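Residue-level structural notes
Here is how the chains run, residue by residue.
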Number of protein chains: 2
Amino acid sequence: MGQRVGCLGGGQLGRMLGLAGLPLGLQFTFLEPLADAAAAVVGRQLLGAYDDPDLLRQLGEESDLVTFEFESVPESSASLLARSGRVFPPPRALAVGQDRLLEKQLFQSLGVETAAYAEVGSDAELKQAAQVGFPAILKTRRLGYDGHGQRLVQDASQLGDAWGELDRAPSILERVVTFQRELSILSVRGASGEAAAYPPVENHHQEGILRLTLAPAPGLTPELREKAATIASSIVEELDYVGVLAVELFQVEGRLLANEIAPRVHNSGHWTMDGAVCSQFENHLRAGLGWPLGGTEAKGYTAMLNLLGEDPDPSELLTIPGAHIHLYGKEPRPRRKLGHLNIVGDDPNQVTAQLRAAAQVLRVRLPVSLDPDDIWR
Amino acid sequence: MGQRVGCLGGGQLGRMLGLAGLPLGLQFTFLEPLADAAAAVVGRQLLGAYDDPDLLRQLGEESDLVTFEFESVPESSASLLARSGRVFPPPRALAVGQDRLLEKQLFQSLGVETAAYAEVGSDAELKQAAQVGFPAILKTRRLGYDGHGQRLVQDASQLGDAWGELDRAPSILERVVTFQRELSILSVRGASGEAAAYPPVENHHQEGILRLTLAPAPGLTPELREKAATIASSIVEELDYVGVLAVELFQVEGRLLANEIAPRVHNSGHWTMDGAVCSQFENHLRAGLGWPLGGTEAKGYTAMLNLLGEDPDPSELLTIPGAHIHLYGKEPRPRRKLGHLNIVGDDPNQVTAQLRAAAQVLRVRLPVSLDPDDIWR
């Protein structure tokens, strides 16, 4: 029988890892505190907390290799798992992904541009941080989620209150960047050092939640495409990384500023399930297993639309040619990610038209003008 | 939550139905007597016989719709399930698919050519059947499996013994056809009557087991492509069919002779998982649910190679670009279908070269010359 993969976390990312891994002959176990986890249909669920030492030990013992569905893995859990077997991505990547300061320092050490920033760990540092300029955002170093742990600061006089509201947690102050658009690039690196990157994509958020990804990023110049690939490859090399890693980037004219990394499969990579030769989920597993990586080339044009808050009616959505539905089996709740839709085609105008049709069916407002000239040019 | 699909049979076809259906928000229950069924990882397994009335009732009650993984469904089971809810494909299609005589009569009634054949139910009929010509094959009407229930007959003098060896079961005598190649075509028809067909494919067997499918069928003339589609559509219309149905065809010069139908997803359609817009598994479910059908167009060229008898080493196979592995999680056993490999690409020469490479990795002999001119012309 095939190898056994353990996964810390049993949400939709775990579910999609399982769906990609079962055809490869893999078996899955998920450690997840939520009953009826999205991933439980494709593997065994260990029901309990992410830091339950007994369950962690069990997960490690029952798995030939272990991976993570999210980056905020308790350090104690990661090291417990690391003792019991092959773990990927490497602990250092988790540590960097959990800490905005380490993240920024990593970018800096690799010569990757970022927004101006400063460390805030004391009143003295807070005062000095003002030199990054305003408006700025004060962010706790440890990961917040969807905008938690952040305060917008308009000038130096607001700094003290803002930090107080963040309970004076270790933070960074980051100058607000006026960017043309947000891009991301997914890189995958195998245990042997073999690495590849998917084409950079363009992301659009609504209320702090990813709504739409356009793949490949429309109208990206070859220079910027190359630049994004170089950034991604320098990061995975530096971290001696194994698996899929996402880098979020701001495009500011001809420059790319790195915003953050996610050491895992990523929502902005869901388009790869239908729009790339090999999906991010399969490639993450192939990397961890030491197997050859799959092709990262785009097949045509893909628009990935997140399905939020309520279950769509597939019978309506599937009237749209080229539409592929991916539901996570989760209970509907406002703004909750319940699934996504990939619309794939060879003709960008057609994909654009189909995206417009999907928005109508779903009665959602798209975060981007649907003038075909504005999308894939 | 999504709809609940019941499936009689929990082998690899059920498993791949599940893998296709989970992203559509469906939930699966499989009735299957074999413990650790291939499909059990993507749904709940009811462990028991296909004709266990209690389990059949349970399957029916717990499912919003029910389908079948094989055509030799006991009639009593089909009618029990039909009472409890929506069942597809329709019982008549199962009846026809189980009986070589009804099958031949269906073809005939639709003006679809077949090999010369005659019914054999009595000594008088046996004697008269000789008029179909020799060599011929005596086949029991009820479905055999992989060549069981068949006897090759060289002349009229052998007929009596051959029928005796088949226990004088109701049979047909069928003239042996010298054909250029075997083709198959998969059709899908929805509850609303919407129908579509995948492009016809070319099949190669070894020792009675499908080994290789080339999709689309190399060098098929537009006339024959059209003819195959007409045959498929006339059959699904006549049967008021719902779901995917396969038709096996013999090509004899410019003619197509229908050999048999399979009222279910089919091994010769596995290429659609990576090589068509929408897979046969997803389309079978969409048809049963009354949802719009997905695209049946081929994306480039696909070679589907069955993995028989022993588990391959994915780390070797995946060095081949464009290779997609689908393993079924079954225990290895000689000649057993354990998985399949889809090799997809835009360039037929490249796909041919990759197929050659795969055969080398697997150390198998291919049932077809690998001269690129012989494959996709």
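These lines cover the structure that appears in this document, whether it is placed above or below. (Residues numbered from 1 in each chain as written. Chains lettered and ligands numbered in written order. Predicted model: local features only at pLDDT ≥ 70, side-chain atom pairs only at ≥ 80, totals over all residues. Heavy atoms only, no water.)

**Description of the packing of aromatic side chains**
As enumerated under the stated definition, the model contains eight aromatic pairs over all chains in all. Measuring from ring centre to ring centre gives 6.0 Å for A:Phe28 and A:Phe30, while their planes differ by 10 degrees; the resulting arrangement is stacked. Taken as a pair, A:Phe28 and A:Phe30 share a single burial class, namely buried. Look at B:Phe179 and B:Phe250: their rings are 4.2 Å apart centre to centre, the planes differ by 10 degrees, and that puts the pair in the stacked class. Taken together, the positions of B:Phe179 in the loop between strand E9 (171–175) and strand E10 (181–189) and B:Phe250 in strand E14 (residues 243–252) put the pair 71 residues apart, joining distant regions of the chain. Residue classification places B:Phe179 among the partly exposed residues on the basis of a relative accessible area of 35%. (Phe/Tyr/Trp six-rings, centres within 6.5 Å; stacked < 30°, edge-to-face > 60°. Buried < 20%, exposed > 50% of the residue type's maximum accessible area, 1.4 Å probe, protein only. Helix = DSSP H or I, 4+ residues; strand = E, 2+ residues; numbered from the N terminus.)

**Structural notes on the interface of chain B and chain A**
Taken together, the contacts link 24 residues of chain B with 24 residues of chain A. Summed over both sides, the interface of chain B with chain A buries roughly 2400 Å², with 64% coming from carbon and sulfur. Linking chain B with chain A are six residue pairs in polar contact (both at pLDDT 80 or more). Mapped by element, the contributors of at least two residues to the side of chain B that touches chain A are helix H1 (12–21), helix H11 (314–317) and strand E17 (323–327) of chain B. With four residues, E17(B) is the single largest residue contributor to the side of chain B that touches chain A. Each residue belonging to the side of chain B that touches chain A can be placed in one class, and the counts come to 14 nonpolar, six polar and four charged. (Contact = heavy atoms within 4.5 Å. Buried area = accessible area lost by both parts, 1.4 Å probe. Polar contact = N/O pair within 3.5 Å; in protein donor to acceptor, adjacent residues only side chain to side chain. Nonpolar A, V, L, I, M, F, W, Y, C, P; charged D, E, K, R; others polar.)

**Comments concerning the relation of the copies chain B and chain A**
For these two chains of identical sequence, chain B goes onto chain A by a turn of 180 degrees and a shift of 0.0 Å along the axis, with RMSD 0.1 Å. Both copies of the chain, as the preceding transformation shows, are related through a two-fold rotation axis. Taking the C-alpha atom as reference, chain B places B:Val42 closest to the rotation axis, 2.7 Å from it. Take the interface residues of chain B: 100% of them recur as interface residues in chain A, which is what a same-surface contact looks like. (Least-squares fit on C-alpha atoms with pLDDT ≥ 70 in both.)

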